[in-house]
Amino acid sequence: MKITDDIKYIGVNDHKVDLFEGQYVVPNGMSYNSYVIMDEKIAVMDTVDKNFTHEWLDNLAEALDGRKPDYLVVQHMEPDHSANIANFLSIYPDAVVVSSQKAFAMMKNFFGTDYEARRIVVGEGSTLSLGKHTLTFVTAPMVHWPEVIVTYDSLDKVLFSADGFGKFGALDAEEDWACEARRYYIGIVGKYGPQVQALLKKAATLDIQTICPLHGPVLTENLGYYLNLYDIWSSYRAESDGIMIAYTSVYGNTKSAVDLLAESLKKKGCPKVVVSDLARCDMAEAVEDAFRYGKLVLATTTYNADIFPFMRTFIHHLTERNFQNRTIALIENGSWAPLAAKVMRSMFEGSKNITFTDTTVKILSALNDESKAQIESLANELCQEYLARRDDTADKNDMSALFNIGYGLYVVTSRDGNRDNGLIVNTVSQVTSTPNRIAVTINKKNYSHHVIKQTGVMNVNCLDESAPFSVFETFGFKSGRTADKFENIDELRSENGLRFLPAYINSFMSLKVESYVDLDTHGMFICSVTEARVISSRSTMTYTYYQNNVKPKPQTEGKKGYVCKVCGWVYEGDTLPEDIVCPLCKHGYADFEEIK
């Protein structure tokens, strides 16, 4: 397979493997990827599993077409990639191994030698020239072993990503990338989200046009799609809107409760309800779904004064992979001493940002009127935001939405007649309660100010603490005059015809401008409330929370200059130009501070 004019694929497909790493079902097999870069010097990128030695060496010989390789780059020491290092070096005795210091220590464990006489040790930022191609090495510790490096070819703009961006399945399998890549990532790499986030930040500084992983297809198009999914997975955010129900049932009574809840959730507007019987399903797929959706219902029986074994195993899989930032609901069943809810709750004590529903369903052997009512109450609680989004079920006069106004951060949406627009503001306040009046202050330089001045209407979306930095990039770092800020965002509109956000908000208010106060650089719109909806009970994002938990920490170590206080972009230099404009968030001189 030709990747570029100089880079060839020499990997293999494995259709005999049934369990990858001894635990993950792989009905469509696996690929073990290896590549060769042909230049004045030739570099082979990783080897393959021991069961495919001769097939791989044949592929390599065909690609070399009579030439001899100069380097073997070892990015990752798991045996499915490193098993043929010794075989390679035996056949090509003049070749040199290029890898990290920790990888060479592992080679001694695996092969009895660390190849001290024929090796090059590389680390962060090390380079290797092949002629036209220069390889730059980037350390990726704990993604997902400590010795891992990834490699960037600056000529063809190719990232050799080790296990990153891999998936289950052989290359000749016809299947959706995201499904098996998600199961692969969460099962194998999921524990190491912070380390993946660190690697993504490094990758963001590179011009990448092709990603060559060690498992799965070479990625050449729409790379933003794959990078965005990895950002979501590694920051433990919900990828899809929906609810997963995981259950065990001995005699069918817990299953009956789950079926009743699932039907109620669907009727109340939940866009996706996934139900998994943990005794029968693929456990890895169940874990994948728990991470994919933002809400999880756990239903099980009390068993030996504990919980049913499959449920305990499932929760252990979640917590060992740093399950966090989720809402969890509990259903317990017990005939004489129900303990399941207490045990399940205690298993998440070490997990971050877990919110348990107010309603816990208790079943005594079988469903009765009381437990059925609890299920209905739980469905209402879980579907609060779905009910609030729908015109036919929303309470459009819920003035408790105004309680979510504070010194927070908001997305103000408007429409110029042809295009929907939105911007980030932090100056929204309730000025009177009888009648309700809201003041919104907007910089006159913003296109939204111009639009709202003409139309007299806007929506104020109260961001909650789940909002990622990408929301601020979308609505705060570019102009609505030239950018479509709602691209790829589900369309939801309030009664006034304006958009409101389908996620990351706890409420919104539709406002009608009643008067205007000119504040020189800004304009203050005094507005009445025409519609108010509470979407969820999540806490409003304050400016302090944004600064401490959402805004990326600026990379200032070893640098001299100034940093943008809004987005963290660094200007390196002795003097900050007075006319500087941050290339990311477009803020000016006043929003920079000196690096100290």
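Heads up: the structure comes first, above all this text.
In this text the structure is predicted, and so the values were computed from the model without any measurement.

Undergrad: Help me out: how do you make sense of the sheet that holds strand β32 (residues 592–594) in this one?
TA: Strand pairing in a sheet relies on backbone hydrogen bonds, with the paired strands running either antiparallel or parallel. Read from one edge to the other, the open sheet built from three strands follows the order β31-β30-β32, with strand pairing classed as antiparallel. The sheet terminates laterally at β31 (570–572) and β32, the two strands that pair on one side only. Strand-to-strand, the axes of this sheet are offset by a mean angle of 25 degrees, without reference to chain direction. Alignment of strand β30 (residues 561–564) against β31, held across three bridges, turns out to be antiparallel. Note on β31: the bridge partner recorded for G561 is E572.

Undergrad: When you look at the sheet that holds strand β26 (residues 436–443) in this model, what are you seeing that I'm missing?
TA: The seven strands lie next to each other as β24-β23-β27-β28-β29-β26-β25, forming an open sheet whose pairing is antiparallel. A strand with exactly one partner marks an edge of an open sheet, and here the two such strands are β24 (420–425) and β25 (428–433). Pairs of neighbouring strands in the sheet enclose a mean axial angle of 35 degrees, with direction left out of account. By the bridge criterion, six bridges tie strand β23 (residues 410–415) to β24 in an arrangement that is antiparallel. Across the sheet, V411 pairs through a bridge with I424, a residue of β24.

Undergrad: It is not clear to me how unusual backbone geometry should be interpreted in this structure. Could you clarify?
TA: The peptide bond linking V143 to H144 adopts the cis configuration, its omega dihedral lying at 5 degrees. Take H144: it is sitting in the loop between β12 (134–139) and β13 (149–153). In this structure, the amide linkage connecting T434 to the following residue, P435, adopts the cis form with an omega of 0 degrees. Here the phi dihedral of K157 falls at roughly 60 degrees; this positive angle occurs in a residue that is not glycine. Along the chain, K157 falls in the loop between β13 and β14 (158–160).

Undergrad: Whenever I open this one, the pattern of salt bridges confuses me. Can you help?
TA: Scanning all chains against the criterion turns up 32 salt bridges. The partner of K268 in a salt bridge is E376, with the nearest N and O atoms 2.8 Å apart. Of this pair, K268 sits in the loop between α8 (253–267) and β17 (273–277) while E376 sits in helix α12 (residues 369–382), placing them 108 residues apart in sequence. Overall, the relative accessible area of 37% leaves E376 in the partly exposed class. The partner of E495 in a salt bridge is K396, with the nearest N and O atoms 2.5 Å apart. Placement of E495 in the loop between α15 (469–476) and β28 (505–519) and of K396 in the loop between α13 (384–389) and β23 is noted, with a sequence separation of 99 residues between them. Given a relative accessible area of 23%, K396 falls into the partly exposed group. Residues participating in the shared-partner salt-bridge network are D241, K295, E385, R389, D464 and R538.

Conventions adopted
Residues numbered from 1 in each chain as written. Predicted model: local features only at pLDDT ≥ 70, side-chain atom pairs only at ≥ 80, totals over all residues. Heavy atoms only, no water. Pairing = 2+ DSSP bridges. Helix = DSSP H or I, 4+ residues; strand = E, 2+ residues; numbered from the N terminus. Axes fitted to C-alpha atoms, helices over the stretch in contact; angles between N-to-C directions. Salt bridge = Lys/Arg side-chain N within 4 Å of Asp/Glu carboxyl O. Buried < 20%, exposed > 50% of the residue type's maximum accessible area, 1.4 Å probe, protein only.

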